[in-house]
Amino acid sequence: AESLQTIALNREFEGKEVTPTLNRLSKEGAYFSNFYSEVGVGTSSDAEFTFSTSLMPSNNGTVFVNYFDRDYNTIQKMFKSNGYYTFSMHGNTGDFWNRATMHENMGYDKFYSKSSFKIDETIGLGISDKSFFKQVVPKIKKIKEKQNKPFYGTLITLTNHTPWSDLKLMDEFPTTWTVDINGQNVTRDYINGTTLGDYFRSVHYSDQALEQFINDMDESGLLDDTVIVIYGDHDARISKKYYNTLYNYDPYTDKVKQEGEDGYVDYNDYMYQLDKKVPFIIWSKDKKVQKQIDSVSGMIDVLPTLSNMFGVGTNKYQLGHDLFSVKDNTIVFTDGSYVTDKIYYDGQSGEIYSIKGDTTSEDEVSKKVEYADDLIKVSNDIITYDLIKEMNSSKKNS
Ligand code: GP9
Ligand code: MN
C-alpha cells in the first residue's frame, strides 16, 4: 500500500473514520501496531525487496536498479517450491524501479504491469486504485482456473503516492473539527485542504478501494481460502510541522498550543521518527489469527513470519525474526539508527531517545549498535558480492 502510514488508522474527523476498512481488518486479523518499513533511497522497491528477502536494502544504490542480477532467496521462491503460482500486479510501467526484471528475478511467474490494464481512470501517477482493483479480481480468478494451483500474488497500489493533489475523483473527506462554543456549532478548517488533510482524504480513498477489492474477491469466491497481507511501503514524508498541528491544535481556541500551555505535546524529532510507522496486517475471512502485537517489528521480519505461518520452509539467509516468537526485537534503519521497545537510537548523532522513560545501559546500547552495523554490513555484502549464489555454487562443487 503506497505511503500508507499508521497515523491514518483509528483516526476520526467529525465522527468519521479515515480508514474504516483497515481498522476492521486490523481488529479481525493479526495487527502489528509498531511496524516500521526499513527503506533506503529505493523507497517502494526497497520495501518490496526487504519484504521478499528478509535482508536490509542496499546502502550503495538501489537493489532493484543496481543489483537486479544477483541471486536472492525470496518468499516468492519459497511459495513456488511449495507448488504455488506466483504473480505481481501494478498499474505503472514495467520499467519503473526496474520491476519487470527484478520481479522475475525474485521468482514471480508473471508480472502484470501497466500494459495489462485498461487505463480508464487515472489519479496522480496513473490508474486509480479502484479501477486497478476492479480489473485485478477477474485476472486472479482466471489465474486460479488456469493454473489449478494455490497462488501467491502481490498487488501494488499507486493512488496514495505524494503529492495527493489530484483529488477530484475522490469523495470529499472533510478533515475538520466541529465543536460547541457557547451553544453554537463551529467548524474548524485548520488542516482541511493542507498537505496533511489531502493525505487523509487520499488514504480514505485507498481504504475504500481496499474494501471494494475484498468484497469483489469474496463475491468471486476467492476469499474463502485466501489470506490477505497488507503493508504500508514507507512513510508519507509529510513534514513535521503538520504532526505538531495534529497533536497540539485546539479547535476550541482555533490555535496550536504552545509550550507551557495545558495539554501541550512537546513534539520532537524522535517522536516524528517514531510516527513514521506503517501498518502490517495479516487477515483472513475466518478471522483465524486475531491478535494485536504492539512490540516493535519491521519489514525484515515479514518473510520469517509468513514462511512459518504458511509452513513453506525456512530461509537460511533471512536476517529478520518470526514476529510470533521474537523477544526484545531491534529494528534497524539504513543509516544505522535503530528502534526497540524502549529506545530510538540515532545512528548519525549517537543520541538515545527513551520512548517510555525507561533507562538503558550503555552496554545494551552498544551491543545493539553492533547488531545494527552487522545487519547492514551482512545484507550489503550478500547483495554486492552475490554471496547467496556463491554459497549455492560452492555447495554444488563440494
Ligand atoms: C511507482 C510506485 C512509487 O510505481 O511504486 O514508487 P515510490 O516513489 O513510492 O518509490
Ligand atoms: Mn512507495
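Preceding block: the structure.
Starting afresh in each chain, residues are numbered from 1 along the sequence in its written order. Labels follow written order: the first chain is A, the first ligand is 1, and so on. Two thresholds apply to this predicted model, a pLDDT of at least 70 for residue-level local features and 80 or more for giving and counting side-chain atom pairs, whereas whole-chain, interface and lining totals are computed over all residues. Side-chain figures throughout are based on the complete set of non-hydrogen atoms in the structure, without hydrogens or water.

Things to note about the overall build of the protein
The line we're drawing: Runs of E in the DSSP output that reach at least two residues are strands. Runs of H or I that reach at least four are helices, and both are numbered from the N terminus. Just to be clear, the radius of gyration here is over C-alpha atoms, and the globule rule we use is 2.2 Å times residues to the power 0.38. With a 1.4 Å probe rolled over the protein chains alone, any residue whose accessible area is under 20% of its type maximum counts as buried; one over 50% counts as exposed, and the rest are partly exposed. We call two residues contacting when some pair of their heavy atoms lies within 4.5 Å. We count Lys and Arg on the positive side and Asp and Glu on the negative side, and we leave His and both chain ends out. Charge positions are represented by NZ for Lys, CZ for Arg, CG for Asp and CD for Glu.
Check the secondary structure of the protein and you find 12 helices and 21 strands. Against the 2.2 N^0.38 benchmark of 21 Å for 398 residues, the protein shows a C-alpha radius of gyration of 22 Å, consistent with a compact globule. Overall size of the protein, expressed as C-alpha extent along the three principal axes, is 80 × 55 × 35 Å. Of all 398 residues assigned to the protein, the portion counted as buried reaches 54%. In the protein, 71% of the contacts between residues at least 6 apart in sequence involve partners at least 24 apart. Positive and negative charge centroids in the protein, built from 43 and 59 side chains respectively, lie 7 Å apart.

What to know about the sheet that holds strand E12 (residues 227–231)
Counted only if it meets this: Note on pairing: two strands pair once DSSP finds at least 2 bridges between them. In this description, a line fitted to the C-alpha atoms serves as the axis of each element, helices being fitted only across the stretch in contact, and the angle between N-to-C directions of two axes falls anywhere from 0 to 180 degrees.
Taken together, the four strands give an open sheet; going across it, the order is E12-E15-E3-E16, and neighbouring strands pair in mixed fashion. Strand pairing shows two members of the sheet lacking a second neighbour, E12 and strand E16 (291–293), which therefore form its edges. Across the sheet, the axes of successive neighbouring strands diverge by a mean angle of 10 degrees, strand direction being ignored. Where E12 meets strand E15 (residues 280–284), five bridges bridge the pair, whose relative direction is antiparallel. Directly across from Ile 228, in E15, lies its bridge partner Trp 283.

Overview of the environment of Ser 58
Mapping Ser 58 onto the fold places it in the loop between helix H2 (43–53) and helix H3 (63–66). When the C-alpha positions of Ser 58 and Met 391 are compared, they lie 20 Å apart, and in sequence the two are 333 residues distant. Each residue touching Ser 58, except ones within four places of it in the same chain, is listed here: Val 63, Tyr 67, Asn 380 and Ile 383.

A closer look at the pattern of salt bridges
The condition is simple: The term salt bridge refers to a side-chain nitrogen of Lys or Arg lying within 4 Å of a carboxyl oxygen of Asp or Glu.
Tallying each qualifying case throughout the model produces 16 salt bridges. Arg 237 is paired through a salt bridge with Asp 235; the nearest N and O atoms lie 4.0 Å apart. Several salt bridges converge on common partners, so that one network encompasses Arg 24, Glu 28 and Lys 287.

Looking at a nonpolar patch on the surface
The test is simple: In this scheme, patches are assembled from residues that exceed 30% relative accessible area and form no salt bridge. Like charges are connected within 9 Å, while nonpolar side chains (Val, Leu, Ile, Met, Phe, Trp, Tyr) are connected within 5 Å. Note on areas: these come from Shrake-Rupley sampling with a 1.4 Å probe, and a residue is covered only by the protein chains present in the view.
Where nonpolar side chains cluster on the molecular surface, the patch consists of Val 227, Val 289, Met 309, Phe 310 and Phe 324 and spans about 340 Å² of accessible area. Its relative accessible area of 36% is what places Val 227 among the partly exposed residues.

Let's talk about the packing of helix H6 (residues 129–147) against helix H7 (residues 195–219)
Spelled out, the test is: In these notes the angle categories are as follows: under 35 degrees is roughly parallel, over 145 is roughly antiparallel, 65 to 115 is roughly perpendicular, and the rest is oblique. Working rule for handedness: look at the near helix, and if it is turned counterclockwise from the far one by less than a right angle, call the crossing left-handed; if clockwise, right-handed. Note that Gly is not counted as nonpolar here; it falls among the polar residues with everything else outside the nonpolar set of Ala, Val, Leu, Ile, Met, Phe, Trp, Tyr, Cys and Pro and the charged set of Asp, Glu, Lys and Arg.
Contact pair H6 / H7: the axes reach a minimum separation of 9 Å and the direction vectors enclose 20 degrees. The orientation of H6 relative to H7 falls into the category roughly parallel. For H6 against H7, the interelement crossing comes out right-handed. Across from Asp 129, Lys 130, Phe 133, Lys 134, Val 136, Val 137 and Ile 140 in H6, the residues of H7 making contact are Tyr 205, Ser 206, Gln 208, Ala 209, Leu 210, Gln 212, Phe 213, Asp 216 and Met 217. Looking at side-chain class alone, the contact of H6 with H7 contains nine nonpolar, three polar and four charged residues.

Here's the deal with the site of ligand 1
Going by this rule: When we say a residue is near a molecule or strand, we mean one of its heavy atoms is within 4 Å of it. Throughout this description, a polar contact denotes any pair of N or O atoms lying within 3.5 Å of each other; where both atoms belong to protein, one of them has to be capable of donating a hydrogen while the other can accept it, and for residues adjacent in sequence the pair is counted only when both atoms sit in side chains.
What surrounds ligand 1 is the set Glu 2, Thr 43, Ser 44, His 90, Asn 92, Phe 96, Trp 97, Arg 99, Leu 158, His 161 and His 234. At a separation of 2.7 Å, an oxygen atom of ligand 1 approaches a polar side-chain atom of Arg 99. Between His 161 and ligand 1, the recorded distance is 2.7 Å, taken from a side-chain N or O atom to an oxygen atom. Taking 310 Å² as the accessible area of ligand 1 by itself, protein coverage stands at 93%. Its residues placed into classes, the shell around ligand 1 shows three nonpolar, six polar and two charged.

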